[in-house]
Amino acid sequence: MPTALYRPVLRAAIFYFATVFFCGFVLGSLRIFVLLPLMDELWAVCLELPIMLTLSWLIARHLTRNRKDLYPAAARLWMGIWAFGLLMVAEYVLATSLMGAAPSSYFGHWATAAGAIGLAGQIAFALIPFVQRITRRETP
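These figures come from a predicted structure and were not determined experimentally. (Residues numbered from 1 in each chain as written. Predicted model: local features only at pLDDT ≥ 70, side-chain atom pairs only at ≥ 80, totals over all residues. Heavy atoms only, no water.)

**Remarks on the side chain of T19**
- Along the chain, the position of T19 falls in helix α1 (residues 3-35).
- There is a polar contact of 2.9 Å between the side chain of T19 and the backbone oxygen of F15.
- Among the polar contacts made by the side chain of T19, one reaches the main-chain carbonyl oxygen of Y16 at a distance of 3.3 Å. (Helix = DSSP H or I, 4+ residues; strand = E, 2+ residues; numbered from the N terminus. Polar contact = N/O pair within 3.5 Å; in protein donor to acceptor, adjacent residues only side chain to side chain.)

**Comments concerning the pattern of salt bridges**
- By the definition in use, this model includes two salt bridges.
- In this structure, the salt-bridge partner of E48 is R31, at a minimum N-O distance of 2.3 Å. Of this pair, E48 sits in helix α2 (residues 41-64) while R31 sits in helix α1, and the two are 17 residues apart along the sequence. Summarising the burial analysis for this pair, E48 and R31 share the class buried. (Salt bridge = Lys/Arg side-chain N within 4 Å of Asp/Glu carboxyl O. Buried < 20%, exposed > 50% of the residue type's maximum accessible area, 1.4 Å probe, protein only.)

**Points about the layout of surface pockets**
- In this model, the largest pocket occupies a volume close to 1000 Å³.
- Lining the largest pocket are 34 residues; nearest its centre among them are G28, R31, E48, E91 and Q122.
- Elements represented by at least two residues in the lining of the largest pocket include exactly α1, α2, α3 (73-98), α4 (103-108) and α5 (113-135).
- Ranked by the residues each element gives to the lining of the largest pocket, the list is headed by α1, at nine residues.
- Here the residues of the lining of the largest pocket sort into 20 nonpolar, ten polar and four charged. (1 Å grid on protein atoms, 1.4 Å probe; cavity = no way out; pocket = protein on both sides within 12 Å on 5 of 7 lines; lining within 4 Å. Points joined across faces, edges and corners; volume = space filled by probe spheres on them. Nonpolar A, V, L, I, M, F, W, Y, C, P; charged D, E, K, R; others polar.)

**Some thoughts on α5**
- Maximal helix bending in α5 amounts to about 45 degrees, located at L127; proline P129 follows within four positions.
- Of all the positions in α5, only A114, G115, G121, Q122, F125, A126, I128, P129, Q132 and R133 are classed as buried. (Bend = angle between axes of the 7 residues up to and from the residue.)

**A closer look at the nonpolar core**
- Y16, V20, I59, M79, A83 and F125 are the most contacted members of the largest nonpolar core, which totals 21 residues.
- Those elements that provide at least two residues to this core are α1, α2, α3 and α5.
- Among the elements that line this core, the one with the most residues is α1, at eight residues.
- Residues within four places of M79 in sequence aside, it is in contact with V9, A12, A13, Y16, L63, T64 and P129. (Core = buried A, V, L, I, M, F, W, Y, C linked by side-chain atoms within 4.5 Å. Contact = heavy atoms within 4.5 Å.)

**Some remarks on the packing of α2 against α5**
- Interhelical geometry of α2 versus α5 gives an angle of 15 degrees and a closest axis separation of 9 Å. When the interaxial angle is binned, α2 and α5 end up roughly parallel. Considering only the axes of α2 and α5, their crossing is right-handed. Every residue of α5 that contacts α2 at E41, L42, V45, C46, L49, L53, S56, W57, A60, R61 and T64 is listed here: A113, A114, I117, G118, G121, A124, F125, I128, P129, V131 and Q132. (Axes fitted to C-alpha atoms, helices over the stretch in contact; angles between N-to-C directions. Parallel < 35°, antiparallel > 145°, perpendicular 65-115°, else oblique. Left-handed = near helix turned anticlockwise from the far one by under 90°.)

**Observations regarding the packing of α3 against α5**
- Relative to each other, α3 and α5 sit at 165 degrees, their axes nearing to 8 Å. The orientation of α3 relative to α5 falls into the category roughly antiparallel. Crossing geometry of α3 relative to α5 is assigned as right-handed. Side by side, α3 and α5 meet where A73, R76, L77, M79, G80, I81, A83, F84, L87, M88 and E91 of the first sit next to Q122, I123, F125, A126, L127, P129, F130, Q132, R133 and I134 of the second.

This is the structure we're talking about:
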């Protein structure tokens, strides 16, 4: 990535990650404390995921709209990659430090149906800025 694009892409990635992470923290808390006592984890994740992806779509669209420095597809792809990396680190730290999960159980959760769906949603989160760019017909 050219150096001139690095700073705005990283700034957008940090803001994208932070706002979506905050939304996920709120919705995840609701899932854990409200939905899980009422239903299976798989169903709770399946209810939460469309809301998170919709919020991610809206946040990414807001961050990238009318931004010439974020117009190139490569910039959008890097924005998503950086945001995904930040999300993975933050979730790992949150799970292992604050929630007391062992690293093996954190990664092992991805082998469950609910964990795999959650990981797929996180990958979709990373791809949203890029998908928005390649599906638009606008010019910079």
